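Chain by chain, the residues:
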Amino acid sequence: MLDKKALRDLSYGLYIITATTKDGRKVGCIANTFQQVASEPPMASVSLNKENATTQAILETGEFAASVLSEEATMDLIGPFGFKCSRDVDKFTQVEHRLCEAGIPFVISGCLASFSVEVHDRVDAGSHILFVGQVVEAEKLAEGTPMTYAYYHAVLRGKTPPKAVSYVEEASEPNEQPSAAEAAVNAGATEEGSAPKYGWRCKLCGYIEMMDELPDDYTCPICGMGKDMFERVEL
Ligand SMILES: Cc1cc2nc3c(=O)[nH]c(=O)nc-3n(C[C@H](O)[C@H](O)[C@H](O)COP(=O)(O)O)c2cc1C
């Protein structure tokens with residue numbers, strides 16, 4: 001028996017993993033898979049998708065930083081790091097960050113602590129690479145409550161993109177991105193001719209909601225952005 005629903009009972013925190021490419025660009029992504037794995041010496045691991053720009057940078061340099069997200073962090077911070085690729089955008093322009101002693105950028109905005117990690121081992125885990133390394137720097141940035149994955153889902157109503165470790169389990173959630181037909185039904189347009197003429201595209205994650213007007217309190221089911229982040233598209 002392999003009931004993937006059982007995996008939903010695993011608990012995680014939420015982190016921003018950052019690194020520098022060989023040519024000096026700052027990259028980073030959200031991960032729920034960072035954790036301490038040994039005390040002496042202090043060791044940590046993170047599991048990152050092979051296609052992430054951040055993964056490639058860590059493979060090139062053998063080091064990364066991790067910042068612990070606070071419950072105070074908003075989707076304005078989490079959205080770009082979790083849904084955009086560093087090859088397409090500079091995620092650091094609007095975000096307070098510093099360089100650790102090893103020169104790796106780490107995020108300060110919305111974060112409680114940061115670590116820099118020197119990679120000792122890599123495990124090929126199929127879609128992801130598990131990086132295991134020694135924590136060589138650690139710093140407390142602020143007081144507060146660390147954000148858990150459960151809080152992210154329940155309070156921020158955040159979603160998980162395909163490259164995250166836990167995506168497969170979430171794919172069967174009832175409110176995943178609807179097909180065109182499903183969206184039309186959702187919008188109350190079940191009969192031919194009454195389907196919506198317009199859709200609304202989230203400028204952050206690209207999700208398209210197919211309805212003529214979005215309610216004022218609408219939030220993107222993929223990345224949590226509000227109505228003002230949507231642009232109208234003709235269907
Ligand atoms: C809540 C959440 C958790 C995530 N966890 C992981 C993870 O553990 N591993 C991973 O590879 N990607 C994870 N992601 C997806 C990456 O953050 C995302 O694919 C990002 O756009 C990659 O950026 P990059 O290409 O600049 O590295 C997660 C995203 C979110 C929103």
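Check the entry above for the structure.
These remarks concern the structure in this document. (Residues numbered from 1 in each chain as written. Predicted model: local features only at pLDDT ≥ 70, side-chain atom pairs only at ≥ 80, totals over all residues. Heavy atoms only, no water.)

### Quick word on the site of the ligand
Then comes step 1: Taken together, 27 residues form the shell around the ligand, and within it Asn32, Asn49, Thr54, Lys84 and Ser86 come nearest.
Then comes step 2: Here phenylalanine 81 contributes a backbone N or O atom positioned 3.4 Å from an oxygen atom of the ligand.
Then comes step 3: Sorting the residues of the shell around the ligand by element identifies strand 2 (26-31), strand 4 (43-49), helix 1 (53-61), helix 2 (75-83) and helix 3 (149-154) as the ones contributing at least two each.
Then comes step 4: Class assignment of the residues belonging to the shell around the ligand gives a composition of 13 nonpolar, 10 polar and 4 charged. (Near = heavy atom within 4 Å. Polar contact = N/O pair within 3.5 Å; in protein donor to acceptor, adjacent residues only side chain to side chain. Helix = DSSP H or I, 4+ residues; strand = E, 2+ residues; numbered from the N terminus. Nonpolar A, V, L, I, M, F, W, Y, C, P; charged D, E, K, R; others polar.)

### Concerning the side chain of serine 116
Then comes step 1: Relative to the assigned elements, serine 116 resides in strand 8 (residues 111-124).
Then comes step 2: Taking the relative accessible area as the measure of exposure, serine 116 reaches 2% and is therefore buried. (Buried < 20%, exposed > 50% of the residue type's maximum accessible area, 1.4 Å probe, protein only.)

### Observations concerning the packing of aromatic side chains
Then comes step 1: This structure, assessed with the given rule, holds 7 aromatic pairs.
Then comes step 2: With a centroid separation of 5.5 Å and 85° between ring planes, the pair formed by phenylalanine 81 and phenylalanine 92 is classed as edge-to-face. On the criterion of sequence distance, the pair formed by phenylalanine 81 in helix 2 and phenylalanine 92 in the loop between helix 2 and strand 6 (97-99) is long-range, its members being 11 residues apart.
Then comes step 3: Given the relative accessible area of 2%, phenylalanine 92 is considered buried. (Phe/Tyr/Trp six-rings, centres within 6.5 Å; stacked < 30°, edge-to-face > 60°.)

### Observations regarding helix 2
Then comes step 1: If you check which residues of helix 2 are buried, you get Met75, Leu77, Ile78, Gly79, Phe81 and Phe83.
Then comes step 2: Summarising the contacts, the buried residues of helix 2 are in contact with strand 1 (15-20), strand 2, strand 5 (63-69), strand 7 (105-107) and helix 3. (Contact = heavy atoms within 4.5 Å.)

### As for the pairing of strand 10 (residues 198-202)
Then comes step 1: Here 5 bridges tie strand 10 to strand 12 (residues 230-234), and the two strands are oriented antiparallel to one another. Along strand 12, the bridge assignment pairs arginine 201 with glutamate 231.
Then comes step 2: Note: strand 10 against strand 11 (residues 208-209), 2 bridges, orientation antiparallel. The residue bridging arginine 201 from the neighbouring strand is isoleucine 208, located in strand 11.
Then comes step 3: Linking strand 10 to strand 11, which pair antiparallel, is a turn of 5 residues; within it glycine 206 sits at a positive phi near 90°. (Pairing = 2+ DSSP bridges.)

Just geometry here; none of it tells us what the structure is for.
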